[in-house]
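Structural description and commentary
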Amino acid sequence: MRNFILLAALASVAGAAEAGTLDDVKAQGVLRCGVNSGLVGFASEDANGEWHGFDVGLCRAVAAAVLGDPSAVEFVPTTNKTRFTALLSGEIDMLARNTTWSMSADVDLKLEFVGINYYDGQGFMVPKASGISSATELNEKSVCVQTDTTTGPNLAEFFERNNIEYEEIPIESTAEAQALYLEGACDVYSTDASGLAAIRATFETPGDHVLLPEIISKEPLGPAVRHDDNEWGDVVRWTLNALIAAEELGVTSANIDELLEGTNNPEINRLLGTEGILGEMLGLSPDWAVNAIRAVGNYGELFERNIGENTPIGLSRGLNAQWTDGGLLYAPPFR
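Described below are features of the structure shown in this document. (Residues numbered from 1 in each chain as written. Predicted model: local features only at pLDDT ≥ 70, side-chain atom pairs only at ≥ 80, totals over all residues. Heavy atoms only, no water.)

The subject of this paragraph is the packing of helix H3 (residues 54-67) against helix H14 (residues 299-306). Axis separation between H3 and H14 bottoms out at 9 Å; the angle between their running directions is 145°. Handedness of the crossing formed by H3 with H14: right-handed. Side by side, H3 and H14 meet where Phe-54, Gly-57 and Leu-58 of the first sit next to Tyr-299, Leu-302, Phe-303 and Asn-306 of the second. Classifying every residue of the contact of H3 with H14 by side-chain character gives 5 nonpolar, 2 polar and no charged. (Axes fitted to C-alpha atoms, helices over the stretch in contact; angles between N-to-C directions. Helix = DSSP H or I, 4+ residues; strand = E, 2+ residues; numbered from the N terminus. Left-handed = near helix turned anticlockwise from the far one by under 90°. Contact = heavy atoms within 4.5 Å. Nonpolar A, V, L, I, M, F, W, Y, C, P; charged D, E, K, R; others polar.)

Shown next as structure tokens:
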């Protein structure tokens, strides 16, 4: 009798867990994804109302995995101040918005970071005409810093360690920071280095501005979901992992149909759903990862198309290279 009661209790708990975000997304037929309100290369809207970018691609990959349709996404622009409230209140189903995975965001705000899609660090941008070549030369300069981010505390700690006096100019949005910086209202702009590269690419004369060599913090950026829904967290986590693993395994949007005919690599077969029950484990169809990769490409394709060296953003892979190429990118095994 005790075993029967235990099994009944477990079934009840499992049933309650299943009635979460995954079921909601399937029922509504659309994924509500919180993104940056406008950061070229990561998330921005074009003149036709179409969203593009690195983080946008992750949203589309999740929609493809869950709904079989990468266009079934409602993009919800969020600011630094509204992004967490939007997620915790249920206004959005996931957050993919240049957000740093920190202990306080994870534990105190009760967010569930499901992986890292970009290893970053805080940097500095100054006008080339200033002649400044190092962050150690910023004494008595004014610095534009976005509020409700890790940027301000990082800045204070760095300048205190280096005995540098500065004036902090708090701003709430990327657009406001960009305007103030270009107007000369602040001497320096400091945020994630990838963000600085993206912002500089929108300037009329990007070459008139330089990124200083110092990186003063670790900023592991990644998608987040609510703390209380492990099943949904698994879906977003393993969709990101599928894109990362696909690059390592040589699976691309161009060759995926050929590989679906069968390979001699069991991990590729499991990833593509031609062997095993990984999709069933997630509550998805066997071709969930196929749909995601076919929609946006593997991690490398997504990176190069949106923010890579051949784009105006011009970012090298660096730490975001695969672990086999000296980077930190590493997906757990698909088995």
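This next bit is on the side chain of Glu-112. Residue position: Glu-112 is located in strand E6 (residues 111-113). If near-sequence neighbours (up to four positions away) are discounted, Glu-112 is found in contact with Pro-223, Ala-224, Val-225, Arg-226, His-227 and Arg-237.

In this section: the state of the cysteines. In the structure shown here, the tally under the stated rule is 2 disulfides. The disulfide partner of Cys-33 is Cys-59, and the gap between their sulfur atoms is 2.1 Å. With the S-S dihedral at roughly -55°, the linkage between Cys-33 and Cys-59 falls on the left-handed side. Here the residue Cys-33 occupies a position in strand E1 (residues 31-36), and Cys-59 occupies one in helix H3, the gap between them amounting to 26 residues. Relative accessible area serves as the criterion here: at 0%, Cys-59 is assigned to the buried category. Two residues share a disulfide in this structure: Cys-144 and Cys-186, whose sulfurs sit 2.2 Å from each other. On the sign convention where negative is left-handed, the bridge of Cys-144 and Cys-186, at about -100° about the S-S bond, is left-handed. Of the two residues, Cys-144 is situated in strand E9 (residues 141-146) and Cys-186 in the loop between helix H7 (174-183) and strand E11 (188-192); the sequence distance between them amounts to 42 residues. Both residues of the pair, Cys-144 and Cys-186, belong to the buried class. (Disulfide = S-S within 2.5 Å. Buried < 20%, exposed > 50% of the residue type's maximum accessible area, 1.4 Å probe, protein only.)

This brings us to the pairing of E11. With 5 of its 5 residues buried, E11 lies for the most part within the structure. Strand direction decides the pairing type here: strand E8 (residues 122-127) and E11, joined by 4 bridges, are antiparallel. Residue pairing in the sheet places Met-125 in a bridge with Tyr-189 of E11. Inspection of the sheet shows E9 paired to E11 by 2 bridges, in the parallel sense. (Pairing = 2+ DSSP bridges.)

The biggest cluster of nonpolar side chains holds 72 residues, and the ones touching the most others in it are Met-94, Trp-232 and Leu-243. Apart from the residues within four sequence positions on either side, Met-94 is in contact with Leu-31, Arg-32, Cys-33, Gly-34, Leu-58, Val-62, Leu-87, Pro-223, Ala-224, Val-225, Trp-232 and Val-236. Listed in part, the 14 residues of the second largest apolar core include Val-143, Val-145, Phe-159 and Ile-216. (Core = buried A, V, L, I, M, F, W, Y, C linked by side-chain atoms within 4.5 Å.)

Attention now moves to the packing of aromatic side chains. In the structure shown here, the tally under the stated rule is 18 aromatic pairs. Between Phe-54 and Tyr-118 the ring centres are 6.5 Å apart and the planes differ by 85°, which places this aromatic pair in the edge-to-face class. Taken together, the residues Phe-54 in helix H3 and Tyr-118 in strand E7 (residues 118-120) connect sequence positions 64 residues apart. For Tyr-118, a relative accessible area of 5% translates into the label buried. Here the aromatic rings of Trp-323 and Tyr-330 are separated by 5.1 Å at their centres, their planes lie at 50°, and the arrangement is tilted. Look at Trp-323 and you get partly exposed, because its relative accessible area is 42%. (Phe/Tyr/Trp six-rings, centres within 6.5 Å; stacked < 30°, edge-to-face > 60°.)

Attention now moves to the pattern of salt bridges. Summed over all chains, the structure comprises 6 salt bridges. We note a salt bridge from Arg-237 to Glu-112, for which the minimum N-O separation is 3.4 Å. With a gap of 125 residues between them, Arg-237 in helix H9 (residues 230-249) and Glu-112 in strand E6 connect regions that are remote in the sequence. According to the relative accessible area criterion, Glu-112 is buried, its value standing at 19%. A salt bridge links Asp-257 to Arg-294; the nearest nitrogen and oxygen atoms lie 2.4 Å apart. In this pair, Asp-257 is assigned in helix H10 (residues 256-259) and Arg-294 in helix H13 (residues 288-296), connecting sequence segments 37 residues apart. (Salt bridge = Lys/Arg side-chain N within 4 Å of Asp/Glu carboxyl O.)

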